[in-house]
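Single-letter residue listing:
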Amino acid sequence: MKMLLNGEWVDRDHRIEVKDPFDDSLIDTVPKATSEDVETALTAAVQGFEQAKKLTVYERAQILYKTASIVSENLEDFARLISREGSKTIREARKEASRCVNTLTVSAEEAKRLLGETIPFDSFPGGENRLGYFYRFPIGVVLAITPFNDPLNLVAHKIGPSIAAGNATILKPATVTPLSALKLAGALLEAGLPPLVLQVITGYGSEIGDHLVRDQRVRMVSFTGGVEAGKQIASIAGIKKIGMELGSNSPVIVWEDADLKEAVESCVSGAFWAAGQNCIGVQRIYIHRSIYKEFKKEFVKRTSRYKIGDKLNEETDMGPMITEGEAKRVESWVKEAVDMGASVLTGGKRRGALFDPTVLENVPEGAMIHYEEVFGPTVNLYPVDDLDEALKKANSLPYGLHAAIFTKNVDIAFKGAYGLDCGGVMVNDSTDYRLDSMPFGGIKYSGLGREGIKFSLLEMTEPKVICFNLSR
Ligand code: NAP
């Protein structure tokens, strides 16, 4: 595929191969952008902003509705592409594609709800005869940088609100999974988006990232990815807005009165969705000691039934990790934990990029698989005796995206909801639950600001105050 620069699909001699991580087969290639391409993208985006802000709200919404229907009509093609270039099974990929339709539709709806307020200027002496209000205006050029694990919907989460706000966007998708993003860009153009309003530049973040991030023509960097790249971006961005959706190490508490069957089902899915490469994936489960043995038995039984392998097979529950190197990293983390005294209850084996869904117990707090974001298909079980202990342990790491608690006791549920330090607490769902229109984001190293269309729209716009001093 080609990249989208200055209103044209452009190619380069140097190309990057995009391969299916399941069998290493070549899917396609994309151009490797140069520094000159970055300049072209920046110049075109500034012109694109002039076009974008002239679109009426009605026109922006119509483009987004039309794009949503193009994705919907081609849902299976989008799903197959998501599945092939990434880690998701075809069933997981269909869910992502239909969530993308929702993200674009809600972006169209929210474009119409971006409201201002009148201001009571006469509420303080000196404000007599003043009348005024604020409205929100587009921020300008938004640089959107996206990760590999949701190659379509996380792109829609940035482009959708950015178009709704009246901005121009430069998108830099993950190098291992750029194809779904390019296909979405094609749908946006087909839906009538003025071509300069969106640039999609393909190339390595480590090579073109700094140039894009530093440039003062960019007014906001909206980044989703790992903490290390996030720190680098924050250190060089200068004076511009930054939105950061980073990683986590999500804890779940399972209380003694929980519906065990539902908790097991939800946590197994939450731990192994997208082969565990999920920013809100379940990594640590704190289980009341009185039900620990039973929970463990059922959890291991359910996990052992997982079918892993070919992503395009309808029967497959879990596909490969994004690269063999990533699977080797997880293997080494499991080994380190075992060397430190942990036990593997099921899984632990690797074949190429496939890593078995793995359940561990007795994981020491000094093991990486306990305190780092694993971003792979492993989960740790821990018994706990009381809620204070569970909350303290759940909150003990420098992340805070989602947390969850399973209980039928309303007191325990509220104590969990208020006591867990993070951006969202799920009660009787695993941490992996997300509605695309809810505020989404984290605290501590999990991020800055919030996504979730309406909230992204606030981040991607600025309030302007208008005040009239009326003649007396
Ligand atoms: P990553 O390695 O940080 O890469 C994310 C994006 O940043 C890619 O497009 C990458 O480009 C680019 N990038 C890397 N270094 C850069 C730099 N110095 N300057 C500018 N851009 C740079 O993350 P990943 O492995 O793709 O994704 C996994 C991480 O994302 C996990 O930590 C996960 O938790 C997090 N995540 C968070 C959320 C959330 O909403 N909170 C959602 C999904 C994923 P290249 O591909 O070219 O390296």
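Residues numbered from 1 in each chain as written. Predicted model: local features only at pLDDT ≥ 70, side-chain atom pairs only at ≥ 80, totals over all residues. Heavy atoms only, no water.

## Topic: the layout of surface pockets
Gaps between atoms show up when a probe of the same size as a water molecule is rolled over them.
Then, number 1: The calculated volume of the largest pocket comes to roughly 1100 Å³.
Then, number 2: Contributing to the lining of the largest pocket are 41 residues, with Phe223, Gly225, Gly226, Val227 and Ala229 lying nearest its centre.
Then, number 3: Mapped by element, the contributors of at least two residues to the lining of the largest pocket are helix H7 (205-214), strand E10 (218-224), helix H8 (227-236) and helix H11 (324-339).
Then, number 4: For the lining of the largest pocket, the residue count by class is 20 nonpolar, twelve polar and nine charged.
Then, number 5: Each of two domains, domain 1 (3-246 + 446-468) and domain 2 (250-436), supplies a minimum of three residues to the lining of the largest pocket.
Then, number 6: Empty space within the second largest pocket amounts to approximately 510 Å³. (1 Å grid on protein atoms, 1.4 Å probe; cavity = no way out; pocket = protein on both sides within 12 Å on 5 of 7 lines; lining within 4 Å. Points joined across faces, edges and corners; volume = space filled by probe spheres on them. Helix = DSSP H or I, 4+ residues; strand = E, 2+ residues; numbered from the N terminus. Nonpolar A, V, L, I, M, F, W, Y, C, P; charged D, E, K, R; others polar. Domains from an automatic or database assignment.)

## Description of the sheet that holds strand E5 (residues 117-119)
Then, number 1: Here we have three strands laid out as an open sheet, ordered E5-E6-E24, and antiparallel in their pairing. Because the sheet does not close on itself, it has two edges, and the strands there are E5 and strand E24 (461-469). Taking the axes of each pair of neighbouring strands and ignoring which way they run, one obtains an average angle of 30° across the sheet.
Then, number 2: One ladder, built from three bridges, connects E5 with strand E6 (residues 130-138); its direction is antiparallel. Looking at the pairing, Glu117 lines up with Phe134 of E6. (Pairing = 2+ DSSP bridges. Axes fitted to C-alpha atoms, helices over the stretch in contact; angles between N-to-C directions.)

## As for the nonpolar core
Then, number 1: Among the nonpolar cores identified, the biggest contains 59 residues, and Ile253, Val254, Ile285, Phe295, Phe299 and Ile369 are the most heavily contacted of them.
Then, number 2: Beyond its immediate sequence surroundings of up to four residues, Val254 is in contact with Ala263, Ile285, Tyr286, Ile287, His288, Ile291, Phe295 and Phe406.
Then, number 3: Counting 50 residues, the second-largest nonpolar core is a separate cluster that includes Ala52, Leu184, Ala185 and Ala191. (Core = buried A, V, L, I, M, F, W, Y, C linked by side-chain atoms within 4.5 Å. Buried < 20%, exposed > 50% of the residue type's maximum accessible area, 1.4 Å probe, protein only. Contact = heavy atoms within 4.5 Å.)

## A word on the side chain of His288
Then, number 1: Along the polypeptide, His288 turns up in strand E13 (residues 282-288).
Then, number 2: Not counting residues up to four positions away in its chain, the partners in contact with His288 are Val254, Trp255, Glu256, Val384 and Asp385.

## Let's talk about the packing of helix H3 (residues 75-85) against helix H4 (residues 90-111)
Two quantities define a packed helix pair, namely the angle between the helix axes and the distance between the axes.
Then, number 1: The interhelical angle for the contact between H3 and H4, taken along N-to-C directions, is 125°, at an axis separation of 8 Å. As summarised for this structure, H3 and H4 are arranged oblique, according to the angle between their axes. Viewed along their axes, H3 and H4 form a crossing whose handedness is right-handed. The segment H3 lies against H4, with Leu75, Glu76, Phe78, Ala79, Arg80, Ile82 and Ser83 engaging Ile90, Ala93, Arg94, Glu96, Ala97, Ser98 and Val101.
Then, number 2: Classifying every residue of the contact of H3 with H4 gives eight nonpolar, two polar and four charged. (Parallel < 35°, antiparallel > 145°, perpendicular 65-115°, else oblique. Left-handed = near helix turned anticlockwise from the far one by under 90°.)

## Some details on the site of the ligand
Then, number 1: The full set close to the ligand counts 29 residues, and Thr146, Thr175, Gly205, Leu246 and Glu373 are the nearest of them.
Then, number 2: In the model, an oxygen atom of the ligand is placed 2.8 Å from a nitrogen or oxygen of the Gly205 main chain.
Then, number 3: Take Gly225: an N or O atom from its main chain is 3.3 Å from an oxygen atom of the ligand.
Then, number 4: Calculation on the ligand without its partners gives an accessible area of 910 Å², and the protein chains cover 85% of this total.
Then, number 5: Comparing atom positions with the cavity grids shows the ligand to sit within the largest pocket. (Near = heavy atom within 4 Å. Polar contact = N/O pair within 3.5 Å; in protein donor to acceptor, adjacent residues only side chain to side chain. Areas by Shrake-Rupley, 256 points an atom, 1.4 Å probe, with all protein chains shown as cover. Sits in = over half its atoms within 2 Å of the grid points.)

## Description of the domain arrangement of the chain
Then, number 1: In terms of domain boundaries, the chain breaks down into domain 1 (3-246 + 446-468) and domain 2 (250-436).
Then, number 2: Taken over C-alpha atoms, the centre of domain 1 sits 31 Å from the centre of domain 2.
Then, number 3: Listed by partner, the interface residues are 33 residues for domain 1 and 29 residues for domain 2.
Then, number 4: Both faces combined, the contact of domain 1 with domain 2 buries some 2600 Å², and carbon together with sulfur accounts for 54% of it.
Then, number 5: Among the residues domain 1 hides against domain 2, the three largest losses belong to Phe22, Ser87 and Ser446. Together they make up 23% of the total.
Then, number 6: Linking domain 1 with domain 2 are four salt bridges, by the criterion used here.
Then, number 7: A salt bridge links Asp436 to Arg99, with the nearest nitrogen and oxygen atoms 2.8 Å apart.
Then, number 8: Where domain 1 packs against domain 2, one counts 20 residue pairs in polar contact (both at pLDDT 80 or more).
Then, number 9: Counting residues per element, the ones that place at least two in the side of domain 1 that touches domain 2 are H3, H4 and helix H5 (153-165).
Then, number 10: Ranked by the residues each element gives to the side of domain 1 that touches domain 2, the list is headed by H4, at eight residues. (Buried area = accessible area lost by both parts, 1.4 Å probe. Salt bridge = Lys/Arg side-chain N within 4 Å of Asp/Glu carboxyl O.)

## Regarding the pairing of strand E21 (residues 424-427)
Then, number 1: Alternating residues of E21 divide into Gly424 and Met426, all buried, and Val425 and Val427, none buried.
Then, number 2: Judged from the four bridges that link them, strand E20 (residues 402-406) and E21 form a sheet pairing that is parallel. Considered in E21, the bridge of Ala404 is made with Met426.
Then, number 3: In this fold, the crossover linking E20 to E21 by way of helix H14 (residues 410-419) has right-handed handedness. (Right-handed = clockwise from strand over helix to strand, strands pointing away.)

## Observations concerning unusual backbone geometry
Then, number 1: Positive phi values are uncommon outside glycine, yet Ala274 reaches one of about 55°.
Then, number 2: As for its placement among the helices and strands, Ala274 is situated in the loop between helix H9 (260-272) and E13.
Then, number 3: Here Ala274 falls in the buried class, since its relative accessible area comes to 3%.
Then, number 4: Within the chain, Lys444 stands out as a residue other than glycine whose phi angle is a positive 50°.
Then, number 5: Inspection of the secondary structure puts Lys444 in strand E22 (residues 443-444).

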